[in-house]
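So you can see what is in the structure, the chains are spelled out below.
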Amino acid sequence: RCSGRVEIFHGHQWGTVCDHSWDLRDAAAVCRQLDCGWALAAPGGAPFGQGNGTIWLERVSCVGTEELLAWCPAGPWGATSCTHAEDAGVVCSGQGQLLPGEVAAGHIRIGAEHLQGGNAAVPQAEELRLAGGSQRCAGRVEVLHREQWGAVCAHGWDRQDAEVVCRQLGCG
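Bear in mind that the values here come from a model prediction, so they are computed numbers and not experimental data.

**Some remarks on unusual backbone geometry**
- The backbone of S21 shows a phi angle near 70°, a positive value even though the residue is not glycine.
- Tracing the backbone through its elements, the reader meets S21 in the loop between β2 (13-17) and α1 (24-34).

**Some remarks on the nonpolar core**
- Core analysis: the biggest nonpolar cluster contains 23 residues, and V6, V17, W22, V30, V60, L69 and V90 have the highest contact counts within it.
- Only β1 (3-10), α1, β4 (54-57) and β5 (89-92) provide two or more residues apiece to this core.
- Looking at this core, the element that brings in the most residues is α1, giving 6 residues.
- Residues L128, V165, L169 and C171 belong to the second largest nonpolar core, which totals 5 residues.

**Examining the pattern of salt bridges**
- Scanning all chains against the criterion turns up 6 salt bridges.
- The partner of E58 in a salt bridge is R59, and the shortest N-O contact between them spans 3.0 Å.
- When its relative accessible area of 4% is taken as the criterion, E58 is described as buried.
- The closest approach of N and O atoms between E142 and R140, which form a salt bridge, is 2.8 Å.
- Under the relative-accessibility criterion, R140 is labelled partly exposed at 44%.
- Each of R129, R140 and E142 takes part in salt bridges that share partners, so that together they form one network.

**Remarks on the pairing of β2**
- Burial analysis of β2 places 4 of its 5 residues in the buried class, which makes it a mostly covered element.
- Between β1 and the antiparallel strand that follows it, β2, lie 2 residues; G11 among them carries a positive phi value of about 60°.
- Pairing of β2 with β4, which is carried by 3 bridges, proceeds in the parallel orientation. Looking at the pairing, V17 lines up with L57 of β4.

**Structural notes on the confidence of the model for the chain**
- Residues with a pLDDT of 70 or more make up 78% of the chain, whose mean pLDDT is 76.
- Confidence scores differ between elements of the chain, with strand β6 (residues 103-104) showing the lowest mean pLDDT of 39 and β4 the highest of 91.

Each value, and the rule that gives it
- Residues numbered from 1 in each chain as written.
- Predicted model: local features only at pLDDT ≥ 70, side-chain atom pairs only at ≥ 80, totals over all residues.
- Heavy atoms only, no water.
- Helix = DSSP H or I, 4+ residues; strand = E, 2+ residues; numbered from the N terminus.
- Core = buried A, V, L, I, M, F, W, Y, C linked by side-chain atoms within 4.5 Å.
- Buried < 20%, exposed > 50% of the residue type's maximum accessible area, 1.4 Å probe, protein only.
- Salt bridge = Lys/Arg side-chain N within 4 Å of Asp/Glu carboxyl O.
- Pairing = 2+ DSSP bridges.
- pLDDT = per-residue confidence, 0-100.

Below you can see the structure in the form of structure tokens.
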């Protein structure tokens, strides 16, 4: 089952989401973004273990129809009174193919390590392409920004980043 602690990538660093006001509507956005079915539970109190580092968000207030967690209103980034004992979790209906800590389409992961998303302007599949390669799933990574395609800088790029792109584009 797709379930785990919710974490997001913001400011080049991973952090958790606080359980203050965390509910099924918030979990639903995570489950939809992960393509993991519908939300069965939105447990608080670090049920999947406490994260570490920054607690990026609290008071997430999804309506319940959002496709991405980034579309949900929330308190200011990093401005929280929470501790990691209050890390939010999700339990989704999908059996999923995710392992703990594995990246899913849309830059989200759940489980032992992270969920990535938030307002970090992460490109979605329709804004991402591979160019100049010998086949559909090979080439230079480009993103569409302000109606113009541009290459992604390789500084700090690693295998994990490449795996996210491959999943977003349906390339395995």
